[in-house]
Amino acid sequence: MDRIKDKGQRKDIKSLTLKELKIEMEELGEKPFRAGQIYQWMHQKLARGFEEMTNLPAALRGRLSQEYAYTVLKPLRVQESSLDGTRKYLFELGDGKLVESVWMRYHHGNSLCISSQVGCRMGCAFCASTIDGLERSLTPSEMLDQIYAVTLLTGERVSNVVVMGIGEPLDNYQNLLKFITLLTDENGLHISQRSITVSTCGLVREMRMLADERLQITLALSLHAATDEKRRRLMPVAKRYSISELMEACGYYFEKTGRRITFEYSLVKGVNDGEEDADLLAALAGKCKAHVNLIPVNPVSERNFVQPDTKNVKGFKNKLEKYGINVTIRREMGRDIDGACGQLRRRQRALQ
Ligand code: SAH
């Protein structure tokens, strides 16, 4: 697993399961029930450090801080949308690197979009997060603490988690799985698997591995084009895997989990928004029983992509619906606060 120890070789205590923590306490010669107390402080009471764990003896707290690193993310900036209350947080990690999380309020509850890596190496043409490549993957605790920090900052429960921020979650596979285990643990925040969505650019091998886990999470596939030729122009990963391999992996996911896949499709004017694109996309979605989520492309200053007019977006949606496809247009949240993922981080780094 990536970075389970910090530079001083201390273990990352917030990335341990309760079972692992019990073994640690045994090895330290502590009573096993201490593991339960510490775990509750970390994952339910959302303590920001060992010093807050007031029902532990001071000597144990001292020992814990010598033996273990305690991950807490530092909020550097918050931007709040005056249009819809969406909040975008910029966090600093222990080594000074930056990630973003976006908090959105819906009628069915609060949703948090979290990052899974610092930067990204997938190279999608329209995406701001990948421009400078991948710096490193996040640990399970760094993914969790985006949720914990935002819960404390807003004072409200996060009910849905979408792993759709900076990074490719399936390129950080083991840490992602551990993160899901900790987040859904009844001794932690106990968020249900069905309230978690993981979005991938289409790493077929890992999609199949994930299917074999038989989790009840939602898998979203960033498709963005309905032919290999077009997809390769937008997404380098399409050179590794063809659409037919992707569709087989989607079928396998559905077969193993019973969960319908979501296709994400960013509409770019003159690139993938034509009639024929809609016909081909409908055929793919129909075959996989997928739900389609249309996202008018979010203009990124470094890139030249333009959104289709609202009329054309609606036309595209209607066409898919005529084929009986279940379609939504993603509501654009926080348009006034650097909408597209990765833009806040880029701006901050340019200032530093
Ligand atoms: N790496 C993952 C998750 C991160 S991006 C993935 O590829 O799915 C989350 C979604 O936003 C993806 O569908 C991605 O393709 C899309 N996206 C990225 N930049 C965008 C932009 N400028 N406009 C619209 N969608 C964008």
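Residues numbered from 1 in each chain as written. Predicted model: local features only at pLDDT ≥ 70, side-chain atom pairs only at ≥ 80, totals over all residues. Heavy atoms only, no water.

(A) Spotlight on the overall build of the protein. Looking only at helices and strands, one finds eleven helices and 14 strands in the protein. Taken over C-alpha atoms, the radius of gyration comes to 21 Å for the protein, in line with the 20 Å a tight globule of 352 residues would show. When the backbone C-alpha atoms are referred to their principal axes, the protein occupies close to 70 × 45 × 35 Å. Relative to its 352 residues, the protein shows a buried fraction of 56%. Summarising the internal contacts of the protein: among those between residues at least 6 apart in sequence, 67% fall at separations of at least 24. Of the accessible surface of the protein, which amounts to about 15500 Å², a share of 47% is contributed by carbon and sulfur atoms. Within the protein, the 45 negative side-chain charges are centred at a point lying 1 Å from the centre of the 53 positive side-chain charges. (Helix = DSSP H or I, 4+ residues; strand = E, 2+ residues; numbered from the N terminus. Rg over C-alpha atoms; globule rule 2.2 N^0.38 Å. Buried < 20%, exposed > 50% of the residue type's maximum accessible area, 1.4 Å probe, protein only. Contact = heavy atoms within 4.5 Å. Areas by Shrake-Rupley, 256 points an atom, 1.4 Å probe, with all protein chains shown as cover. Lys, Arg positive; Asp, Glu negative; His and termini not counted. Charge placed at Lys NZ, Arg CZ, Asp CG, Glu CD.)

(B) Molecular detail of helix α5 (residues 173–184). An ideal rise of 1.5 Å per residue puts 16 Å on twelve residues; α5 measures up with 17 Å between its terminal C-alpha atoms. Judged by how many residues are buried, α5 sits mostly within the fold: ten of twelve residues are covered. Within the span of α5, buried status applies to Y173, N175, L176, L177, K178, F179, I180, L182, L183 and T184. Residues of α5 that are buried sit in contact with α1 (18–27), α2 (33–43), α4 (140–154), β9 (160–163), β10 (196–200) and α6 (204–213). (Expected span 1.5 Å × (residues − 1).)

(C) Up close: the pattern of salt bridges. Applying the stated criterion to the full structure yields 21 salt bridges. The partner of K11 in a salt bridge is E24, with the nearest N and O atoms 2.6 Å apart. Taken as a pair, K11 in strand β1 (residues 11–12) and E24 in helix α1 lie far apart in primary sequence, 13 residues in all. Given the relative accessible area of 10%, E24 is considered buried. A cluster of three or more residues bridged by salt bridges with shared partners is formed by K14, R48 and D145. (Salt bridge = Lys/Arg side-chain N within 4 Å of Asp/Glu carboxyl O.)

(D) Examining the site of the ligand more closely. Neighbouring the ligand are 16 residues; E168, S199, S222, H224 and N298 lie closest to it. The separation between an oxygen atom of the ligand and a polar side-chain atom of S199 is 2.6 Å. In isolation the ligand has 530 Å² of accessible area, and contact with the protein removes 94% of it. When its residues are assigned to classes, the shell around the ligand shows six nonpolar, eight polar and two charged. (Near = heavy atom within 4 Å. Polar contact = N/O pair within 3.5 Å; in protein donor to acceptor, adjacent residues only side chain to side chain. Nonpolar A, V, L, I, M, F, W, Y, C, P; charged D, E, K, R; others polar.)

(E) Just the domain arrangement of the protein, in detail. Domain parsing of the protein yields domain 1 (11–69) and domain 2 (74–351). The C-alpha-based centres of domain 1 and domain 2 are spaced at 33 Å. With 13 residues of domain 1 in contact, the opposing surface of domain 2 contributes 17 residues. Both faces combined, the contact of domain 1 with domain 2 buries some 1300 Å², and carbon together with sulfur accounts for 55% of it. Counting the contacts that link domain 1 with domain 2 gives three salt bridges. (Domains from an automatic or database assignment. Buried area = accessible area lost by both parts, 1.4 Å probe.)

(F) Expanded view of the packing of α6 against helix α8 (residues 243–257). Closest axis-to-axis distance for the α6/α8 pair is 8 Å, and the angle between their directions is 10 degrees. Between α6 and α8, the angle is such that the two are roughly parallel. In contact with V204, M207, R208, L210, A211 and D212 of α6, α8 contributes E245, L246, E248, A249, C250, Y252, Y253, K256 and T257. Taken together, the residues that form the contact of α6 with α8 break down as nine nonpolar, one polar and five charged. (Axes fitted to C-alpha atoms, helices over the stretch in contact; angles between N-to-C directions. Parallel < 35°, antiparallel > 145°, perpendicular 65-115°, else oblique.)

(G) Region of the structure containing the environment of G36. Tracing the chain through its elements places G36 in helix α2. Overall, G36 belongs to the partly exposed group, its relative accessible area being 31%. Considering only alpha carbons, one finds G36 and T328, 292 residues apart in sequence, at a separation of 43 Å.

(H) Region of the structure containing the environment of R330. With respect to the helices and strands, the residue R330 is situated in the loop between β14 (327–329) and α11 (343–351). Taking C-alpha positions, R330 is 24 Å from D228, a pair spaced 102 residues apart along the chain. Apart from residues no more than four positions distant in its own chain, R330 is found in contact with M164, E264, N293, L294, I295 and P296. In terms of polar contacts, R330 uses its side chain to reach the side chain of E264, at 3.1 Å.

(I) Expanded view of unusual backbone geometry. For R214, which is not a glycine, the phi torsion comes out positive at approximately 50 degrees. With respect to the helices, strands and loops of the structure, R214 is situated in the loop between α6 and β11 (218–222). Positive phi values are uncommon outside glycine, yet K289 reaches one of about 55 degrees. Turning to its location among the elements, K289 is positioned in the loop between α9 (275–288) and β13 (291–296). Overall, the relative accessible area of 40% leaves K289 in the partly exposed class.

(J) Looking closely at the nonpolar core. Of all hydrophobic cores here, the largest spans 99 residues; its most connected members are I13, I147, F179 and F263. When residues of this core are assigned to domains, at least three map to each of domain 1 (11–69) and domain 2 (74–351). (Core = buried A, V, L, I, M, F, W, Y, C linked by side-chain atoms within 4.5 Å.)

(K) Main features of the packing of aromatic side chains. Per the counting criterion, the structure on display carries four aromatic pairs. Considering the side-chain rings of F50 and Y70, the 4.9 Å spacing of their centres and the 70 degrees angle between planes classify their relative orientation as edge-to-face. Separated by 20 residues along the polypeptide, F50 in the loop between α2 and α3 (58–67) and Y70 in the loop between β2 (68–69) and β3 (74–80) bring together distant segments of the chain. Just as F50 is buried, Y70 falls in that class too. Judged by centre distance (6.5 Å) and plane angle (70 degrees), the ring pair of F126 and F305 falls under edge-to-face. Of the two residues, F126 is situated in the loop between β7 (117–119) and β8 (134–137) and F305 in the loop between β13 and α10 (310–322); the sequence distance between them amounts to 179 residues. (Phe/Tyr/Trp six-rings, centres within 6.5 Å; stacked < 30°, edge-to-face > 60°.)

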